[in-house]
Amino acid sequence: MTDNAIQSLKTRFDALSQRIPDENIEFWFARDLMEPLGYSRWENFQTAIERAIESCRSTGYDPDNHFRGATKMVRVGSGAERPVEEFMLTRYACYLVAQNGDPRKQPIAFAQSYFALQTRKQELIEDRMRLQARLDARERLRESEKTLSQNIYERGVDDAGFGRIRAQGDAALFGGNTTQMMKERYGIVQTRPLADFLPTLSIAAKNLATEMTNHNVMQDDLQGERAITREHVQNNHSVREMLGQRGIKPEQLPAQEDIKKLERRVKSDEKRLEKQSGKLPKPDTEK
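Residues numbered from 1 in each chain as written. Predicted model: local features only at pLDDT ≥ 70, side-chain atom pairs only at ≥ 80, totals over all residues. Heavy atoms only, no water.

Quick notes on helix α8 (residues 179–186)
Here α8 has its buried residues at Thr179, Met182, Lys183 and Tyr186. The buried residues of α8 all sit within an arc of 100 degrees when viewed along its axis, so they share a single face. In the core, the buried residues of α8 are packed alongside α7 (159–173). Looking one or two residues past α8, Gly187 carries a phi angle of roughly 70 degrees, positive in sign. (Buried < 20%, exposed > 50% of the residue type's maximum accessible area, 1.4 Å probe, protein only. Helix = DSSP H or I, 4+ residues; strand = E, 2+ residues; numbered from the N terminus. Arc of directions from axis to C-beta. Contact = heavy atoms within 4.5 Å.)

Listed below in structure tokens is the structure:
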């Protein structure tokens, strides 16, 4: 996203913020957020909200503290008004909705970081977006490698063979530098995955090559370690060539912070956010 797009969304989300009188509780109305988050149908957005409520519950927090059902009157074509379903959402609830939204929507990617932070400073939101992008890229690589492992197991390749295939793919992507050589370059201990220390671009490159291998293994019904290795190496070479056309050599990109530390930091931030968001007051009928 461009700086202007980020600033525009930030300004819009700021303007939609509400506060409960006499209480330091910030909240947003779900229907106000629906369109800025890239949703055109309430039914689709409601699905994201329901997933967020379940996520809140599974984390051990009470959804009633952060999600409050309400009724809103909207004007219809005739000029009359009719009631529609609405939700009041704390900042933590908004964060969970963004986490459970469609990550392909750029506003969702922005919202994940905007609502994760108490501050409204744009530079901190941008830093958080870069962190989230790296975490998302690493998770996609985990999933694609898991799929590849399952695919090739059915085609006569065991875990040791999968490791060899992945290692030769790394050597093709990193200009002849093996996985072990890249670990030594980055100062990574033997027991940790190389991908946990790669920058977002390198993670995305590995994922693209792996997804290509997954596709062709299935489409061409490749069998055995040799054929699948050849396919994976070719795909990593292709991705490397594409990067090279833009002057990028993956082996020269600097290492990044251990992704496990980032994941722990995010979990800690989520706990802090839940506490700082406060609790929506009980409806009058429950007092």
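Brief notes about the side chain of Thr90
Counting through the fold element by element, Thr90 comes out in strand β4 (residues 81–90). Classification of Thr90 by relative accessible area gives buried; the value is 0%. A distance of 2.8 Å separates a polar atom in the side chain of Thr90 from a polar atom in the side chain of His66. (Polar contact = N/O pair within 3.5 Å; in protein donor to acceptor, adjacent residues only side chain to side chain.)

Quick word on the environment of Ile20
Checked against the element boundaries, Ile20 lands in the loop between β1 (18–19) and β2 (26–29). Each residue touching Ile20, except ones within four places of it in the same chain, is listed here: Ile25, Phe27, Met88, Leu280 and Pro281.

Some remarks on the layout of surface pockets
Looking at the largest pocket, its volume works out to about 540 Å³. For the largest pocket, the lining is made up of 21 residues, of which Gln99, Gln132, Asp136, Lys267 and Glu270 are closest to its centre. Counting only elements with at least two residues in the lining of the largest pocket, the list comes to α4 (91–99), α6 (122–153) and α11 (259–276). Looking at the lining of the largest pocket, its residues break down into six nonpolar, seven polar and eight charged. In this model, the second largest pocket occupies a volume close to 410 Å³. Counting only elements with at least two residues in the lining of the second largest pocket, the list comes to α1 (3–16), α5 (106–114), α6 and α9 (200–219). Ranked by residue count, the leading element in the lining of the second largest pocket is α6, at eight residues. (1 Å grid on protein atoms, 1.4 Å probe; cavity = no way out; pocket = protein on both sides within 12 Å on 5 of 7 lines; lining within 4 Å. Points joined across faces, edges and corners; volume = space filled by probe spheres on them. Nonpolar A, V, L, I, M, F, W, Y, C, P; charged D, E, K, R; others polar.)

What about empty space enclosed by the protein?
Tallied over the full model, the rule gives one cavity of 30 Å³ or more. Estimates place the volume of the largest cavity at around 60 Å³. Contributing to the lining of the largest cavity are Glu145, Leu148, Phe162, Arg166, Gly169, Asp170, Lys206, Thr210, His232 and Asn236. Broken down by secondary-structure element, the contributors of at least two residues to the lining of the largest cavity are α6, α7, α9 and α10 (224–245). Among the elements that make up the lining of the largest cavity, the one with the highest residue count is α7 (four residues). The class makeup of the residues in the lining of the largest cavity is two nonpolar, four polar and four charged.

Focus on the sheet that holds β2
If you walk across this open sheet you meet the four strands as β1-β2-β4-β3, and the pairing is antiparallel. Either end of the sheet is taken by a strand with one partner, and the two such strands are β1 and β3 (67–75). Note that β3 and β4 share nine bridges and pair antiparallel. Paired with Val74 across the two strands is Arg82, which belongs to β4. (Pairing = 2+ DSSP bridges.)

Focus on the side chain of Asn100
Counting through the fold element by element, Asn100 comes out in the loop between α4 and α5. Since its relative accessible area comes to 18%, Asn100 is described here as buried. From its side chain, Asn100 meets the backbone oxygen of Leu96 in a polar contact 2.8 Å long.

Overview of the pattern of salt bridges
Following the criterion strictly, the structure yields 21 salt bridges and no others. One salt bridge connects Arg12 with Glu35, and the closest N-O pair in it is separated by 2.3 Å. Highlighted residues: Arg12 in helix α1 and Glu35 in the loop between α2 (30–34) and α3 (42–58), separated in sequence by 23 residues. Its relative accessible area of 45% is what places Glu35 among the partly exposed residues. Between Arg142 and Glu139 there is a salt bridge; the shortest N-O distance is 3.1 Å. With Arg142 and Glu139 both in helix α6 and three residues apart, the pair spans about one turn of that helix. Residue Arg142 is classed as partly exposed on the basis of its relative accessible area, which comes to 23%. Salt bridges linked by common partners bring Arg138, Arg192, Asp196 and Asp258 together as one network. (Salt bridge = Lys/Arg side-chain N within 4 Å of Asp/Glu carboxyl O.)

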